[in-house]
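Architecture and fold: a report
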Amino acid sequence: MNSEFRIPFVNLVSKFQPPEVYLNALSETLRSGNFVLSSAVIEFENKIAEYIGVKHCIAVANGSDALFLLMKTMSIGPGDEVITCPNSFIASAWSIVATGAKPVFCDVDESLCMDPQQLERLLTRNTKAIMPVHLAGTPANMQEIMEIANAYNLNVIEDAAQAIGASINGKSVGSLGTAGAFSLHPLKNLAVVGDGGFITTNDSSIAQRVKLLRNHGLKNRNECEIWGYNSRLDELQARIGIIGLARIDSENQRRREIAQYYSDEFINFLQIPSKNRNSTQVFHRYIVHLSERDSFMQYLKDFSIETSIHYPIPIHLQECSKDLKHKIGDFPISEYQSTNSLSLPLYPELLDSEVEYIVETVKSYFKKAL
Ligand SMILES: *Cc1c(COP(=O)(O)O)cnc(C)c1O
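Residue positions within a chain follow its written sequence, with the count starting from 1. Predicted model: local features are reported for residues with pLDDT of at least 70 only, side-chain atom pairs are reported and counted for 80 or more only, and whole-chain, interface and lining totals are derived from all residues. Side-chain numbers come from the whole structure's heavy atoms, not from hydrogens or water.

So, the overall build of the protein chain
Secondary structure counts use DSSP, requiring at least four H or I residues in a row for a helix and at least two E residues in a row for a strand, with both numbered from the N terminus. The helix and strand tally for the protein chain stands at eleven helices and twelve strands. Taken over C-alpha atoms, the radius of gyration comes to 21 Å for the protein chain, in line with the 21 Å a tight globule of 370 residues would show. With the C-alpha coordinates aligned to their principal axes, the bounding extent of the protein chain is approximately 70 × 55 × 40 Å. Expressed as a percentage of its 370 residues, the buried residues of the protein chain come to 56%. Only heavy atoms matter for contacts: two residues are in contact if any of them lie within 4.5 Å across the pair. Of all intrachain contacts in the protein chain linking residues separated by at least 6 positions in sequence, the fraction that spans at least 24 positions is 71%. Surface exposure here means Shrake-Rupley accessible area, sampled with a 1.4 Å probe, where a residue is shielded only by the protein chains that are shown. Entry remark: accessible area of the protein chain is about 16500 Å², with carbon and sulfur atoms responsible for 51%. Positive charge is attributed to Lys and Arg, negative charge to Asp and Glu, and no charge count is given to His or to the chain ends. We put the charge of a Lys on NZ, of an Arg on CZ, of an Asp on CG and of a Glu on CD. Within the protein chain, the 42 negative side-chain charges are centred at a point lying 5 Å from the centre of the 34 positive side-chain charges. Put simply, the radius of gyration uses C-alpha atoms, and a globule should come to 2.2 Å times the residue count raised to 0.38. Classification of residues uses two cut-offs on accessible area relative to the type maximum, computed with a 1.4 Å probe and protein chains only: under 20% is buried, over 50% is exposed, and between them is partly exposed.

So, a nonpolar patch on the surface
To count toward a patch, a residue needs a relative accessible area over 30% and no salt bridge; like charges are then connected within 9 Å, while nonpolar side chains (Val, Leu, Ile, Met, Phe, Trp, Tyr) are connected within 5 Å. Criterion for a salt bridge: a side-chain nitrogen of Lys or Arg within 4 Å of a carboxyl oxygen of Asp or Glu. Judged by side-chain polarity, L23, L26, L30, F35 and V36 come together as a nonpolar surface patch covering roughly 460 Å² of accessible area. With respect to the helices and strands, L30 occurs in helix α2 (residues 19-32). On the basis of relative accessible area, L30 is assigned to the exposed category, the value being 54%.

Quick notes on the packing of aromatic side chains
Between 30 and 60 degrees the pair is tilted, below 30 it is stacked and above 60 it is edge-to-face, where a pair is any two Phe, Tyr or Trp rings, Trp via its six-membered ring, whose centres lie within 6.5 Å. Taken as a whole and assessed by the stated rule, the structure comprises 17 aromatic pairs. Judged by centre distance (4.7 Å) and plane angle (15°), the rings of F182 and F198 are stacked. Separated by 16 residues along the polypeptide, F182 in strand β8 (residues 179-183) and F198 in strand β9 (residues 197-201) bring together distant segments of the chain. In this structure F182 comes out as buried when scored by relative accessible area, which is 2%. Relative to F366, the ring of F296 lies with its centre 5.4 Å away and its plane at 50°, an arrangement referred to as tilted. One end of the pair, F296, is in helix α9 (residues 293-302); the other, F366, is in helix α11 (residues 352-369), and 70 residues separate them in sequence. For F366, a relative accessible area of 10% corresponds to the buried category. An aromatic cluster of three or more residues is present, and its members are F269, F296, Y299, F303, Y365 and F366. Note that K188 overlies the ring of F89, its terminal NZ or CZ placed 5.7 Å from the centroid. The criterion is that NZ of a Lys, or CZ of an Arg, lies within 6 Å of the ring centre and within 35 degrees of the ring normal, and then a charge sits over that ring.

Considerations on the packing of α2 against helix α8 (residues 235-266)
Axis separation between α2 and α8 bottoms out at 9 Å; the angle between their running directions is 140°. Judged by the sense of rotation from one axis to the other, the crossing of α2 with α8 is right-handed. Contacts between α2 and α8 involve V21, Y22, A25, L26, E28, T29 and S32 on the former and, on the latter, E235, L236, R239, I240, I243 and R247. Residues were grouped as follows: Ala, Val, Leu, Ile, Met, Phe, Trp, Tyr, Cys and Pro as nonpolar; Asp, Glu, Lys and Arg as charged; and all remaining residues, including Gly, as polar. Residues of the contact of α2 with α8, tallied by class, amount to seven nonpolar, two polar and four charged. Axis lines are fitted to C-alpha atoms, over the contacting stretch for helices. Their N-to-C directions set the angle, which ranges from 0 to 180 degrees. Two helices cross in a left-handed way if the nearer one is turned anticlockwise from the farther one by less than a right angle. They cross in a right-handed way if the turn is clockwise.

Considerations on the pattern of salt bridges
For the structure on display, the rule yields nine salt bridges. One salt bridge connects E43 with K47, and the closest N-O pair in it is separated by 2.9 Å. A residue pair is termed a helical-turn pair when its members lie 3 or 4 positions apart in one helix, as E43 and K47 do in helix α3 (residues 39-52) at four residues. Residue classification places E43 among the partly exposed residues on the basis of a relative accessible area of 38%. For K47, a relative accessible area of 36% translates into the label partly exposed.

Shown next, in the form of structure tokens:
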């Protein structure tokens with residue numbers, strides 16, 4: 001084997017090809033003389049709204065702000081509780097803490113997403129919203145979550161940062177709850193060359209409020225209606241988002257094909273990803289579970305395959321969560337996943353030969369053990 005050979009866990013250089021397309025977006029931006037929240041952002045928002053199947057898309061500076069600003073439009077703040085999952089990227093819970101509200105965690109099920117069976121007993125007088133996370137591109141069980149939310153008149157904020165293009169019964173995530181929050185971070189399935197994000201909703205008053213909040217509360221150049229924030233999207237990023245949107249379906253399809261092949265080959269050796277019924281995944285991550293995770297991870301590394309863990313420390317056990325006073329054992333499924341899960345390389349730019357090499361190497365680990 002050539003010593004340079006390596007399959008990286010992600011490859012952000014191969015993601016933004018060919019360079020001319022991106023240089024052209026830059027030159028269009030320079031020629032337009034508009035750099036923030038102008039016509040390219042509006043075009044991007046219109047295209048996303050159509051793609052997700054909602055009335056409104058409002059672009060913001062990043063996915064974390066998308067979550068945070070949505071809760072601000074719902075007047076969520078100190079004294080309120082928002083229910084989310086402990087096995088997510090830190091930003092899900094951060095956005096709740098940033099409003100002054102308390103994150104209340106709900107454990108997940110095999111799909112890696114919120115377990116609706118455990119949701120109802122977490123509701124209190126202070127519960128204001130539920131924030132399921134479509135983790136790794138797998139839609140949460142939205143039918144059951146929405147039934148509970150509707151019964152108790154609660155808002156549902158979908159954290160869809162990892163799941164653009166995923167759907168349930170043909171309806172896109174981001175159109176299933178009260179509103180959706182998405183990220184355009186370079187690591188996400190739909191990515192720009194820096195930070196970016198957006199919200200999606202059918203609720204005109206939420207859309208209107210996010211539009212004010214992202215730009216200091218200004219309703220026009222000179223009149224400020226409410227105190228807001230600076231959470232605007234750049235024109236260049238919007239142009240790059242439009243380029244990515246045109247490719248997202250074929251890229252997600254390539255992700256699904258690789259995932260299906262992995263699952264067919266690994267089913268006898270590993271706990272392969274599962275999903276909720278009637279849902280279509282987009283495999284932001286391909287996450288397997290096994291008890292000897294660390295030795296398996298080392299074996300793959302010895303064979304030049306980089307892997308990762310999503311996430312090794314659940315949010316309730318992070319140092320920043322110490323005031324919430326959780327302990328090991330509070331969320332057993334999330335904790336099990338943090339010590340037993342492994343994310344294998346899966347991205348549209350993987351070559352067939354690389355996919356084949358990963359499959360053969362994974363299988364060799366288990367054959368060796370027999
Ligand atoms: C990436 C991510 C976010 C935050 O998005 P940023 O654009 O990085 O702020 C929120 N939630 C989840 C689940 C994410 O993966």
